[in-house]
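# A closer look at the structure
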Amino acid sequence: MTSIKDSGNISKEDGIVTVKGWVQDIRNLGGISFITLRDRHGTLQITMPKKKIDPDLFESLTRLSRESVIAVTGEVKESNQTALGVEVIPTAFELCSEAGVPLPMGVVDKVNVEMDTRLNNRFMDLRKPEVKAVFEIRSMVIGLISEAMAKNGFVNINTPKIVASGAEGGATLFSVDYFGKPAYLAQSPQLYKQMLMSTGLDRVFEIGPAFRAEHSNTNRHVTEFISFDGEMAWINKEEDVMAMIEEAIDYVLVNLKERGKKHLEVLGKEITVPKRPYPLLTYTECLKMAVDRGLPLKDGDDLGTEGEKIIGDIMAEKGNDLYFIIEYPEEAKPFYIMEKEGTGLSFSFDLDYKGQEISSGGQREHRYPELVKRMEKKGLDPNDFESYLNAFRYGMPPHGGWGIGVDRLVAKILDLPNVREAILFPRDIGRLSP
Ligand code: ATP
């Protein structure tokens, strides 16, 4: 089979070819008709001069419904009327699958279709080159993350997604009936990646699903997302973790700019690689910026969507897309984060990208007695975390790590307005199918 390469790999020298694809469009001008045939790589023009081709063939081809799948055999001719510089004059064709009429939504029509209609018909939505390109890019991003991690000696791990206790607070846990026992869908691989720090596998990463029963309907929250988690032992401070994230994101952006050129062109996007090191802002500075611009926030509050946006706007004016927010109050952070003794602060950070949090992380509490104290302070029962805590009893090195939402990362790289645009089949409070 010959594919329709937009690099123009169909040439006149190919002579007779068979090309397969979707009938994107048919234009019948009476004496001559054209089919635009589309496959993964682009489109090709099938040209049908009425007098020069078999009348039955002409009839059948011009009566095809849009989006039907066909295989066309014909002669390649040079053409200065087409983007590829060639066209195919058909001699035979096979109808592989006829598309129903009308289509649930158009592929090339310039009409604004609601997000819901698009998601309900995602198989059709994905036929649009600019939608498909997002997922070509996403695939590259995930590949590049793995490359960056391998270069830095991280082991690629998989941890359970059906778990006995949550790590990120009870409010967003999905319950599962596990053979009569209560269980949950994992909110993050937090407890497992930390347990591994006591094993000698001292640098691990995972790219896997995380589940959060988010009751809010925002453009950045879904109930199932893909998290790129990392954990590393023998750190001296949380800055060691921040430096590693920075290296990974920089590797992704630098290489995506080159390798993703073709898809970025389809999206009309250019990637700007932020200068390193990424600027540091303290939580207190951020809070002040948000309050100065009218947000009613008080010390300890989450900056929230609005607060993050304000800080994003201020940082954008200074030419900074990516920046860390450090020195969060320990109260605002989970039990596993290490406190900065006597300050009320924590060794934690968030990484924000264009006005949205894409990652949080920090140095973990690796000292068993302090960890138990932190659990109790947060109202958790250490007995519920027995197997996790065991890993801290018999020699646990200092360690830290992060979780980055892959969907948010891709959405921000491509300036997509909603995280759902970066997810093939998003799940949210109102959507369970397709
Ligand atoms: P937010 O404050 O935005 O709700 P969070 O503080 O709950 O996020 P963390 O628990 O720190 O998020 O998770 C780490 C990262 O995982 C986030 O920075 C984000 O990129 C991603 N993430 C978390 N929850 C979601 C979600 N519901 N949908 C999409 N991505 C998410």
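Residues numbered from 1 in each chain as written. Predicted model: local features only at pLDDT ≥ 70, side-chain atom pairs only at ≥ 80, totals over all residues. Heavy atoms only, no water.

### Brief notes about the packing of aromatic side chains
Using the criterion set out here, one finds 11 aromatic pairs in the structure. Through successive ring pairs, a cluster of aromatic residues spans Phe 335, Tyr 336, Phe 385, Tyr 388 and Phe 392. (Phe/Tyr/Trp six-rings, centres within 6.5 Å; stacked < 30°, edge-to-face > 60°.)

### What about the site of the ligand?
As a matter of local geometry, the ligand sits amid 13 residues, with His 221, Val 222, Glu 357, Ile 358 and Ser 360 nearest to it. His 221 places a side-chain nitrogen or oxygen 2.6 Å from an oxygen atom of the ligand. Take Val 222: an N or O atom from its main chain is 2.8 Å from a nitrogen atom of the ligand. Notes on the ligand: free accessible area 590 Å², of which the protein chains cover 85%. Listed by contribution, the elements that provide at least two residues to the shell around the ligand are strand S17 (356-363) and strand S18 (399-405). The dominant element in the shell around the ligand, judged by the number of residues it contributes, is S17, at 4 residues. (Near = heavy atom within 4 Å. Polar contact = N/O pair within 3.5 Å; in protein donor to acceptor, adjacent residues only side chain to side chain. Areas by Shrake-Rupley, 256 points an atom, 1.4 Å probe, with all protein chains shown as cover. Helix = DSSP H or I, 4+ residues; strand = E, 2+ residues; numbered from the N terminus.)

### As for the pattern of salt bridges
Tallied over the full model, the rule gives 36 salt bridges. Note that Asp 109 is salt-bridged to Arg 66, the shortest N-O span being 3.5 Å. Within this pair, whereas Asp 109 is found in the loop between strand S5 (86-97) and helix H2 (115-120), its partner Arg 66 is found in the loop between helix H1 (55-62) and strand S4 (69-78), the two being separated by 43 residues in sequence. Residue classification places Asp 109 among the partly exposed residues on the basis of a relative accessible area of 34%. By relative accessible area, Arg 66 is classed as partly exposed at 32%. Between Glu 339 and Lys 377 there is a salt bridge, and its shortest N-O distance comes to 2.9 Å. (Salt bridge = Lys/Arg side-chain N within 4 Å of Asp/Glu carboxyl O. Buried < 20%, exposed > 50% of the residue type's maximum accessible area, 1.4 Å probe, protein only.)

### Quick notes on the packing of helix H4 (residues 129-151) against helix H6 (residues 238-259)
Running from amino to carboxyl end, H4 crosses H6 at an angle of 135°, the nearest separation of the two axes being 9 Å. Overall, the two elements H4 and H6 adopt an arrangement that is oblique. In this structure, the crossing between H4 and H6 has a hand that is right-handed. Residue-level inspection shows Ile 137, Met 140, Val 141, Leu 144, Ile 145, Glu 147, Ala 148, Met 149 and Lys 151 of H4 in contact with H6, the latter providing Met 244, Ala 248, Tyr 251, Val 252, Asn 255, Leu 256 and Arg 259. Of the residues that constitute the contact of H4 with H6, the class distribution is 12 nonpolar, 1 polar and 3 charged. (Axes fitted to C-alpha atoms, helices over the stretch in contact; angles between N-to-C directions. Parallel < 35°, antiparallel > 145°, perpendicular 65-115°, else oblique. Left-handed = near helix turned anticlockwise from the far one by under 90°. Contact = heavy atoms within 4.5 Å. Nonpolar A, V, L, I, M, F, W, Y, C, P; charged D, E, K, R; others polar.)

### Let's talk about the pairing of strand S13 (residues 322-326)
In terms of burial, S13 is a largely internal element, 5 of the 5 residues being buried. The pairing of strand S12 (residues 280-282) with S13 spans 3 bridges and is parallel. Looking at the pairing, Thr 282 lines up with Ile 326 of S13. Across 5 bridges, S13 lies against strand S16 (residues 348-353) in antiparallel orientation. Paired with Tyr 323 across the bridge in S16 is Asp 352. (Pairing = 2+ DSSP bridges.)

### Topic: the nonpolar core
Formed by 45 residues in total, the largest nonpolar core has its most connected members in Val 141, Met 149, Phe 228, Ile 249, Trp 402 and Ile 413. Residue contributions to this core peak at 10 residues, all from H6. In this view, Val 141 contacts Val 252, Leu 256, Leu 409, Val 410 and Ile 413; residues no more than four positions away in its chain are not counted. By size, the runner-up hydrophobic cluster in this structure holds 22 residues, among which are Val 17, Phe 58, Leu 84 and Val 88. (Core = buried A, V, L, I, M, F, W, Y, C linked by side-chain atoms within 4.5 Å.)

### Concerning the side chain of Thr 62
Structurally, Thr 62 is set in helix H1. Classification of Thr 62 by relative accessible area gives buried; the value is 15%. At 2.8 Å, the side chain of Thr 62 forms a polar contact with the backbone oxygen of Phe 58. When residues no more than four places from it in sequence are discounted, the contact partners of Thr 62 are Ile 26, Asn 28, Ser 33 and Met 48.

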